[in-house]
Amino acid sequence: MRSIPEIIGLDEKGVVVNAGRNRTISGRVWFGTLIFLGVLSLALIITVIVQARNHAKYDNTNKNKNENDVCLTQGCISAATHQLRSIDSAVSSNLCKDFYTYACGGWQKTHPIQSFDVERTILGDIIDRRDTEIERLLDSPIIRSNQRSWEYKVKTYYTECRDDYIRVNNTASYMIALIQDPATVNGWYMFDNSAENASQEFLVKNETLYQQMSHIHGDLGNLAVFGIRTRFDEDDPTIKRLEFYPAALSMELSDYLDDDPISIPRREAFQIYITDIMKLLAKDAGITDMNVEIRAATVAGDVFSVERFLADSLRRNPTSSVPRTTNLQEISTQFSFEFDQIMRHELDDPDAISILTPIYLTNNMYFTDAFELVTDLENPLFARMVHNYLRWRLVATYINDLPYNYVHKHREYLSAYYGYTLHSTNEDYCTREVIRRFPFAIQRLYTMNSAIYSNATTTVETVSNELIKSFKTYLDKNAKWMVDEQTKNMAKEKLNALTTAIGYASIASDDASLDDYYDKFFVANDAHLQNSYSYHLFHRSVLSNALKNPNLLDHWDFFETRPSRLFEYIAIFNRLFVVA
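To keep things clear, this report deals only with the structure shown in the data block. (Residues numbered from 1 in each chain as written. Predicted model: local features only at pLDDT ≥ 70, side-chain atom pairs only at ≥ 80, totals over all residues. Heavy atoms only, no water.)

## Comments concerning the packing of helix α11 (residues 263–284) against helix α12 (residues 292–316)
The test is simple: What counts as an axis is a line fitted to C-alpha atoms, over the stretch in contact for a helix, and the angles between N-to-C directions run from 0 to 180 degrees. Only DSSP runs of H or I with at least four residues qualify as helices, and only runs of E with at least two residues qualify as strands; both kinds are numbered from the N terminus onward. What sets the label is the angle itself: under 35 degrees gives roughly parallel, over 145 gives roughly antiparallel, 65 to 115 gives roughly perpendicular, and the rest give oblique. Left-handed is the label given to a crossing in which the near helix is rotated counterclockwise from the far helix by less than a right angle, and right-handed is the label when the rotation is clockwise. Only heavy atoms matter for contacts: two residues are in contact if any of them lie within 4.5 Å across the pair.
In the contact formed by α11 and α12, the axes pass within 8 Å of each other and the chain directions differ by 135°. The pairing of α11 with α12 is recorded here as oblique in orientation. Remark: the crossing between α11 and α12 carries right-handed chirality. On α12, the residues that touch R267, F270, Q271, I274, T275, M278, K279 and A282 of α11 are V292, E293, A296, A297, V299, A300, G301, V303, F304 and E307.

Structure below.
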């Protein structure tokens, strides 16, 4: 087994000298492909069912009509119009060799990729139109102006996110104050080592890993080394467990480890970006000594080295979907870190879990490697690297909530990373953040202001009922391959017990329930970065409540962990979830 310096790629002076492995296909790509195929398959099934049903009705009421009569219903005309607009008739002579261009070329020509995106799809356009509508609703006057109301909190959060003047004036100073506060982060090598005659190689202040993680990871919501979320028990859907999982890499695994024309420029851009942000922070903190640029480059090298080590571990130990069941006491001993104590900082109510309560640990080998590195603080070089990595992850977490010179550097980095310029407005960012952070409030805001919501729900109910009905017919008449009657009867029983959740969690339909749900989220009308930090404190209460009341959100929170899905059958609940 290689040593930590070998894996990180350091010489004896702490300089990065090694860079990589051969590129492998990202697991994210395979996962995205499976999602796409699943959605496409279900969409085709639903389409066939609905059209077959409509065709049957048509046959019963139009027996004397020519079978080739044109369908002139509103739905048929709308679908035909969409398809005609998508067709590229200029390539019709070549449609047998390239049917895709014939069928979709017109859509591609009239729907170029936007400057703020990396792809464009029909589903993406639907979501963009929805987001535009949500942005309009967030800009509308506050009706329930009581400061405890969910509407006041969410709209105020959005307004302050968009407030350019406030962001420019006080967000950097607030971040710097957090970093320098002895009760929180307690300083940074970037600032502390500016003192006259201070070492530029080793830390002036050295803290234990627990002291650093309890504040940076726990109190301030920074994903470093690992993340924490809730997950339904593998055997009992009425119980939720805490899950510890690998987290906090800034790039794809291959970008750290491979030597190819894509990866090398990306990691160079990453380190330039960190260096630039460090110099901005130093300037705003009034740090002007002659070694500022040296320390900024050191921080960039340290962050890359730690993340590269974590990436190497993940490549050698791919994450499985099956976690290990353990408890806080066991992993505290195994990894020589106070997991049992840090819950006081990770959860709003630490009594929601005991040291012996079963938890899930995803990728045990990764955690073994990671804590071998981050707990080796007696080595002054590793102590500095971990120190700089943790503080950088804090800044990276809130980078889009800082003044625009910071946001601009972040956008420059993204453009260098993807290889072309990305343009994104502050309104787009703030809308996406509010949707991501406050899904149930947004669902309430959208449905209470949407005249088509009830019609959409009825349509989805009709389609899902037809789907269930067709499956029953299939089992009775067409499932010839299922020769075992006992198996067929079990399938029928499961299908009869199938439930359908259409729309959103019930909590999103009641103002009083939402007010209670967001009770611990506090918002100020003049401080956006503080509001982002306040959201993290609220999120701690969400984790605690999920453990104490697993069914509060009708399992919609489990469905929402499925990225880019509008509907899905979840076997553990035997339920079909459909967003309406």
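## Considerations on the sheet that holds strand β1 (residues 226–232)
As a reminder, the rule being used: Strand pairing follows a simple DSSP-based rule, namely that at least 2 bridges must link the two strands.
Taken in spatial order, the 4 strands of this open sheet run β1-β2-β4-β3, and their pairing is mixed. The open sheet has two free edges, formed respectively by β1 and β3 (324–326), since each of these has just one partner strand. In this sheet, adjacent strand axes meet at a mean angle of 30° when their direction is disregarded. Lying on the sheet, helix α23 (residues 528–548) is in contact with β1 and β2 (240–246); it crosses β1 at an angle near 30°.

## Thoughts on the sheet that holds strand β5 (residues 499–502)
If you walk across this open sheet you meet the 3 strands as β5-β7-β6, and the pairing is mixed. The open sheet has two edge strands with one neighbour each: β5 and β6 (567–570). Across the sheet, the mean angle separating the axes of adjacent strands is 15° when strand polarity is ignored. Relative to strand β7 (residues 575–578), β6 is paired through 4 bridges, and the arrangement is antiparallel. For E568, the partnering residue across the bridge sits in β7 and is F577.

## A word on the environment of P323
Formally: Exposure classes here rest on a 1.4 Å probe applied to the protein chains alone. A residue is buried below 20% of its type maximum, exposed above 50%, and partly exposed in between.
Residue position: P323 is located in the loop between α12 and β3. For P323, a relative accessible area of 12% gives the class buried. It is 9.6 Å that separates the C-alpha atoms of P323 and E234, two residues lying 89 residues apart in sequence. Excluding residues within four positions of it along the chain, P323 makes contact with R231, E234, Y360, L361 and T362.

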